Amino acid sequence: MEKIIIDCDPGIDDSLAIMLALSSPEVEVIGITIVAGNSPSELGFMNAKRVLKFLGRLDIPVYVGADRPRVRNYVNALDTHGEDGLGESFLPEVPDQAIPKESAVEFMKKSLRGGDVSVIALGPLTNLAELIDSDIDSFLSIKRLVSMGGNFRSHGNCSPVAEYNYWEDPDSAKVVFDAMYEAGREIEMVGLDVTRKIVLTPENLDDMKRENPVVGDFVERITKFYFKFHWEWEHIRGCVINDPLAVAQFIKPTILSGIEAFTEVDTLGISMGQTVVDSMGFYRKHSNALVYTTVDEKAFWDLFLPRILGIKGERNE
Ligand code: RIB
Ligand code: CA
């Protein structure tokens, strides 16, 4: 069983990723750390608690990290995730869930030093950049670093060339990719090139509601807003669920394949947040990123659906 920390910004697809991780025997979620992204960090904390309550897993500790990007002004994604950050499902607050005094970075520092814990980052990389600032050795003790973010040949979703997690905090993303370069390590980049292929469809939802009405109802409640957003903006029937693919790849590393390349994140101007992937070796620099470019969609759904449908779940009033 691999120990993981999920660093996220719940967020609809973050929530589905947490559901997948906590229904997968291969991983032990030792903690969830929240970063400002889709939702402001305190809302992200409460949304993580809402998902954990549904799963009957309020035993999993949740820590709050950065409430804004490293340099830029904070830009949320509530236009995509709804005003409650959870698809306007307006699930009840989970009572008696105080934000711990221990910060996300303090928890990471304490947990990572043993070298047996991986991080799956599903939001902006602000917490990880802060960890690099305060304790590079803990950061470099991360066993595997898998990040949902960036894009190679696929167009951006926040600008022609930038994906939200790295666009919202390009400076932190650059710090992380640069630190991996200096250390001769590779971040696993699960970008839009592969996540765009993972679309939860109305048919998937119908199957879920038939097979497991409690889970189907929960997933419908948190994704209906996302479905509407995808239809209005991209005429997609369904919704792209980016984050669960990062968890699935961690669990089953054959779902994705890609290229190893030197990659740097642009931090200024029109291409801010773009991941510049040197696939041709122009810069003659060693690889710091495993950039995923192809996905076995069937393998993803064969892993995701049975596990999500196996969740008991707490019926919502
Ligand atoms: O660009 C998609 C990513 O940004 C996903 O992780 C989504 O949850 C948002 O954080
Ligand atoms: Ca996310």
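A brief look at the structure comes next. Because the structure is a prediction, the values reported are computed rather than measured. Along each chain, residues carry numbers from 1 onward, in the same order as the chain's sequence is written. Note on labels: chains are lettered from A, ligands numbered from 1, in written order. At least 70 in pLDDT is required for a residue's local features to be given in this predicted model, at least 80 for side-chain atom pairs to be given and counted, and no such filter applies to totals for whole chains, interfaces and linings, which use all residues. Note that water and hydrogens are dropped before the side-chain values are worked out from all heavy atoms of the structure.

### As for the nonpolar core
Move 1: Ranked by internal contacts, the top residues of the largest apolar core, which has 64 residues, are M19, I32 and F304.
Move 2: When near neighbours in sequence (up to four residues on either side) are disregarded, I32 contacts I6, C8, I18, L52, I60, P61, V62 and Y63. We call a set of buried Ala, Val, Leu, Ile, Met, Phe, Trp, Tyr and Cys residues a nonpolar core when their side-chain atoms join them within 4.5 Å. Accessibility here uses a 1.4 Å probe with only protein chains present; expressed as a share of the type maximum, an area under 20% marks a residue as buried, one over 50% as exposed, and anything in between as partly exposed. Any pair of residues with heavy atoms lying within 4.5 Å of one another is described as a contacting pair.

### Overview of the site of ligand 1
Move 1: Neighbouring residues of ligand 1: 13 residues in total, closest D13, L122, E163, N165 and D243.
Move 2: The definition of a polar contact used here is a pair of N or O atoms within 3.5 Å, where within protein one atom must be able to donate a hydrogen and the other to accept one, and adjacent residues in sequence count solely through side-chain atom pairs. Note that an oxygen atom of ligand 1 is positioned 2.9 Å from one of the side-chain N or O atoms of N157.
Move 3: With respect to ligand 1, the side chain of D243 contributes an N or O atom lying 2.6 Å from an oxygen atom.
Move 4: Accessible surface area values rest on a Shrake-Rupley calculation with a 1.4 Å probe, where residue burial reflects the displayed protein chains alone. Notes on ligand 1: free accessible area 280 Å², of which the protein chains cover 97%.
Move 5: In this classification, the charged set is Asp, Glu, Lys and Arg, the nonpolar set is Ala, Val, Leu, Ile, Met, Phe, Trp, Tyr, Cys and Pro, and all remaining amino acids, among them Gly, are polar. The class makeup of the residues in the shell around ligand 1 is 3 nonpolar, 5 polar and 5 charged. For each residue, the test is whether any non-hydrogen atom lies within 4 Å of the molecule or strand; if one does, the residue is near.

### Re the coordination of the calcium ion (ligand 2)
Move 1: Only nitrogen, oxygen and sulfur atoms count as donors, using a 2.8 Å cut-off from the metal that widens to 3.2 Å for Na, K and Ca. Water is left out, so coordination shells may look unfilled. The protein atoms that coordinate the calcium ion (ligand 2) are D9 (OD), D14 (OD), D14 (OD), L122 (O) and D243 (OD), at distances of 2.2 to 2.7 Å.
Move 2: In the primary sequence, the donor residues of the calcium ion (ligand 2) line up as D-x4-D-x107-L-x120-D. In this pair, D9 sits in the loop between strand 1 (2-8) and helix 1 (12-21) while L122 sits in the loop between strand 4 (117-121) and helix 5 (126-134), placing the two residues 113 residues apart along the sequence. As far as the burial class goes, D9 and L122 line up, both buried. Here a strand is any run of E in DSSP of at least two residues, a helix any run of H or I of at least four, and the numbering for each starts at the N terminus.

### Observations regarding the side chain of D14
Move 1: Checked against the element boundaries, D14 lands in helix 1.
Move 2: No salt bridge is formed by the buried D14, whose closest oppositely charged neighbour, R50, lies at an N-O distance of 13 Å. When charges are counted, Lys and Arg are positive and Asp and Glu negative, with His and the chain ends excluded. Any carboxyl oxygen of Asp or Glu within 4 Å of a side-chain nitrogen of Lys or Arg constitutes a salt bridge here.

Geometry only, nothing functional implied.
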